[in-house]
Amino acid sequence: MTKVLVVDDEPNIVLSIEFLMEQAGFDVISALDGEQALECVAANEPDVVLLDISLPGISGFDVLEALRSHTVTAQLPVIMLTAHGREAEREKGFALGANAYITKPFSTQALVEKVQTLLGEETS
């Protein structure tokens, strides 16, 4: 089963995205901070990461940079999922290697479709 890692420091957001992704047929793993996110990637080898920018400790940008710097995770699809919608932040996310950038609040259907598109799956 396809694994999705949800990284957000807001437990309610994590729960809602977990539910959404499970309903779409994905196996979901979650992390509440950047350090835990990197540990989850190493331990669980997710197929895609939904990554918030504002995290305690290591920021989402730093997590993305770390993922891109290792050959094993350099091609791992990462969707920045954040309330930070300013153009400078979007540009930074893409410059660091994000595959997509979605701002909160977001359309649940659009998020599922973006994940499916990045994974090369058919959208329903």
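Conventions we followed
- The numbers attached to residues start from 1 for each chain and follow its sequence in the written order.
- At least 70 in pLDDT is required for a residue's local features to be given in this predicted model, at least 80 for side-chain atom pairs to be given and counted, and no such filter applies to totals for whole chains, interfaces and linings, which use all residues.
- Only hydrogens and water are set aside when side-chain values are computed; all heavy atoms of the structure are taken into account.
- Here a helix means four or more residues in a row that DSSP labels H or I, a strand means two or more in a row labelled E, and each is numbered from the N terminus.
- Atoms counted for the radius of gyration: C-alpha only. Globule rule: 2.2 Å times the number of residues to the power 0.38.
- Burial classes follow relative accessibility: with a 1.4 Å probe on protein chains only, a residue under 20% of its type's maximum area counts as buried, one over 50% as exposed, and anything between as partly exposed.
- We call two residues in contact whenever any of their non-hydrogen atoms come within 4.5 Å of each other.
- In these notes, a set of buried Ala, Val, Leu, Ile, Met, Phe, Trp, Tyr and Cys residues joined through side-chain atoms within 4.5 Å is what counts as a nonpolar core.
- The rule for pairing is simple: two strands pair if DSSP sees at least two bridges between them.
- Lines are fitted to the C-alpha atoms to define the axes, a helix being fitted only along its stretch in contact, and any angle between axes, read from their N-to-C directions, falls within 0 to 180 degrees.

Engineer: Account for the overall build of the protein, with residues named and values stated.
Structural biologist: Each helix and strand counted, the protein has five helices and five strands in total. Listing the helices and strands of the protein from first to last along the sequence gives β-α-β-α-β-α-β-α-β-α. Relative to the 2.2 N^0.38 estimate, which gives 14 Å for 124 residues, the radius of gyration of the protein is 13 Å and therefore close to what a compact globule would have. Seen through its C-alpha atoms, the protein measures out along the principal axes to roughly 35 × 30 × 25 Å. Burial status across the protein gives 44% buried among its 124 residues. By sequence separation, contacts in the protein at least 24 residues apart represent 59% of the contacts at least 6 residues apart.

Engineer: Explain the nonpolar core residue by residue, including any values.
Structural biologist: Ranked by internal contacts, the top residues of the largest apolar core, which has 21 residues, are Leu5, Val7, Val49, Leu51, Leu64, Val78 and Met80. Top element by residues in this core is helix H3 (residues 60-69). It accounts for four residues. Look past the residues within four positions of methionine 80 in its chain and what remains in contact with it is Leu51, Ile53, Gly60, Phe61, Leu64, Ala98, Ala100, Tyr101 and Ile102. If you look at the next biggest cluster of nonpolar residues, it comprises 17 residues, including Phe26, Val28, Val112 and Val115.

Engineer: Got a sec to walk through the sheet that holds strand S3 (residues 48-51)? Specific residues and values, please.
Structural biologist: Spatially, the five strands line up as an open sheet ordered S2-S1-S3-S4-S5, and their pairing is parallel. The sheet is open, and its two borders are formed by strand S2 (27-31) and strand S5 (100-103), each paired with just one other strand. Ignoring which end each strand starts from, the neighbouring axes of this sheet average 20° apart. Bridge count for S3 against strand S4 (residues 78-82) is three bridges, and the pairing is parallel. Counterpart to valine 49 in the pairing with S4 is valine 78. Its contacts with the sheet place helix H1 (residues 11-23) against strand S1 (3-7), S2, S3 and S4, and it is angled at close to 165° to S2. Strand contacts of helix H5 (residues 108-118): S1, S3, S4 and S5, with the helix running at about 165° to S4, the strand carrying the most contacts.

Function cannot be inferred from these measures alone, as they are strictly geometric.
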